[in-house]
Amino acid sequence: MHKVVKAPAKINLTLDVLRKRDDGYHDVEMVMTTVDLADRIHLTLLAEDEIRVEVNKGHVPANKNNLAYQAARLLKDRYPVKGGVSIYIDKHIPVSAGLAGGSTDAAAVLRGLNDMWSLGLSLEELADIGLEIGSDVPFCVFGGTAVARGRGEDLTFISSPPPCWVVLAKPPAGVSTKDIYQRLNLDQMNHPDTEAMIQAIETKNFKEICNNLENVMEPATFELAPEVKKIKQRLIQFGAEGTVMSGSGPTVFSLAKTESKAYRLYNGLKGFMDGVFVVRLLGHRHE
Ligand SMILES: C[C@](O)(CO)[C@H](O)COP(=O)(O)OP(=O)(O)OC[C@H]1O[C@@H](n2ccc(N)nc2=O)[C@H](O)[C@@H]1O
Ligand SMILES: Nc1ncnc2c1ncn2[C@@H]1O[C@H](COP(=O)(O)OP(=O)(O)OP(=O)(O)O)[C@@H](O)[C@H]1O
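Here is what the cut-offs are and how they apply
- Residues numbered from 1 in each chain as written.
- Chains lettered and ligands numbered in written order.
- Predicted model: local features only at pLDDT ≥ 70, side-chain atom pairs only at ≥ 80, totals over all residues.
- Axes fitted to C-alpha atoms, helices over the stretch in contact; angles between N-to-C directions.
- Helix = DSSP H or I, 4+ residues; strand = E, 2+ residues; numbered from the N terminus.
- Left-handed = near helix turned anticlockwise from the far one by under 90°.
- Contact = placed C-beta atoms within 7 Å.
- Pairing = 2+ DSSP bridges.
- Right-handed = clockwise from strand over helix to strand, strands pointing away.
- Near = placed C-beta within 6 Å.
- Domains from an automatic or database assignment.
- UniProt positions renumbered as here; feature names shortened; annotations may be inferred.

Think of two packed helices as two axes; the pair is described by the angle between the axes and how far apart they sit. Packing of helix α1 (residues 67-78) against helix α2 (residues 101-116) leaves a shortest axis separation of 7 Å and a crossing angle of 30°. Pair α1 / α2 crosses with right-handed handedness. Along its contact with α1, which presents Leu-67, Ala-68, Gln-70, Ala-71, Ala-72 and Leu-75, the element α2 presents Gly-102, Ser-103, Asp-105, Ala-106, Val-109, Leu-110 and Leu-113.

And the structure:
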């Protein structure tokens, strides 16, 4: 049996960090949504008890370190599954970008294998399993638009933002999520107005969504990788309606109401860097 599952990237419209917890993680409050930039996960059932991973990009691990492998392993170890699976990842989402590339691949494997192995698990149960892999996995199991709290697993779904375009700019800078969390100055940060963002989304007010984009991780990432700040400034100079960094970065994105506006930003940036994408905001849950 063979199946192809789409694994879309996420962006953080707001990202707030509230406190450090005793378990080493932080309590967050963030508004997340999905964009139409997706990996495609090819799943093929195997008769032998083996989990194989192949990726069409050299620098992504094709072994047990791959989050997609870990998702299959957790299901296979926990449920009475006969045989194994071959996972081929057709990667389109930039890696280590703040777009949850690995997490969404893991989530797609959970959804796909739940079906193919007839496990009958609910999305909530898959999300619980996903949290063992990473904090962004539960959201990726559902997709859509949600306020994520706790470590990121406490999800409240809200309506999708109005249709719009997203220009993503991923500079080559490498930043570690763990490192950025550790560098946050929790006593001194510009917290987003999460309620105002939720209101703006619920009322489909594009301008207010743009005005409320905010990410408390920006100062820490900008300090480590100043080019990320430069890209944000460039997008603002080019007339972007709203611009912010996604996750711990280094991807910065702008929202654009029209395709022509999105391509104006794209063409402006392309002169300076590779790694620029124009995609649509998805915002709705996986079918
Ligand atoms: C920055 C975000 O991408 C925003 O969506 C997420 O909060 C990070 O999600 P992720 O990459 O799935 O993170 P994980 O793989 O669970 O954790 C990586 C590291 O980030 C830190 N971490 C992560 C999530 C969280 N709520 N608090 C944390 O302090 C921890 O040091 C952890 O060791
Ligand atoms: N399926 C996968 N796709 C991409 N990277 C993976 C995958 N599995 C494991 N990794 C490893 O995870 C690391 C982080 O990659 P990923 O693309 O998930 O980061 P990210 O977009 O910053 O995630 P997040 O937004 O959740 O913090 C990479 O260094 C890579 O080696």
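From this point, the discussion proceeds with the structure in view.
A separate point is the sheet that holds strand β10 (residues 252-256). What the four strands build is an open sheet, ordered β9-β10-β7-β11; its pairing is antiparallel. What marks the edges here is a single partner per strand, and that holds for β9 (242-245) and β11 (276-280). Strand-to-strand twist in this sheet, taken as the mean axis angle between neighbours without regard to direction, amounts to 20°. Pairing analysis gives four bridges linking β9 to β10, with the strands arranged antiparallel. Along β10, the bridge assignment pairs Gly-242 with Leu-255.

Bridge count for strand β3 (residues 51-55) against strand β4 (residues 84-90) is five bridges, and the pairing is parallel. By the bridge assignment, Arg-52 is partnered in β4 with Ser-86. A crossover links β3 with its parallel partner β4, the connecting element being α1, and its sense is left-handed.

Not every one of the 19 residues close to ligand 1 is listed here, only the nearest: Tyr-25, Gly-134, Ser-135, Asp-136 and Gly-247. Looking at the shell around ligand 1, the elements with two or more residues in it are β1 (2-20), β2 (26-46) and α5 (177-183). Among the domains, domain 1 (2-157) and domain 2 (165-280) are the pair contributing at least three residues each to the shell around ligand 1.

In this structure's numbering, the residues bearing the UniProt feature "active site" (unreviewed entry) are Lys-10 and Asp-136. These annotated residues cover 127 residues of sequence, but their C-alpha atoms sit close together, with the largest distance between any two at 9.0 Å. Counting through the fold element by element, Lys-10 comes out in strand β1. Those residues within four positions of Lys-10 in sequence are excluded, and the remaining contacts are Met-32, Thr-33, Thr-34, Leu-99, Ala-100, Thr-104, Asp-136, Phe-139 and Cys-140.

Note the cis peptide between Gly-249 and Pro-250, where omega equals 5°. Its location among the elements puts Pro-250 in the loop between β9 and β10. The phi dihedral of Ala-100 falls on the positive side, at around 60°, and the residue is not glycine. Relative to the elements of secondary structure, Ala-100 occurs in the loop between β4 and α2.

Our focus in this paragraph is the environment of Leu-265. Note that Leu-265 resides in helix α10 (residues 259-270). Separated by 31 residues in sequence, Leu-265 and Arg-234 have C-alpha atoms that sit 9.1 Å apart.

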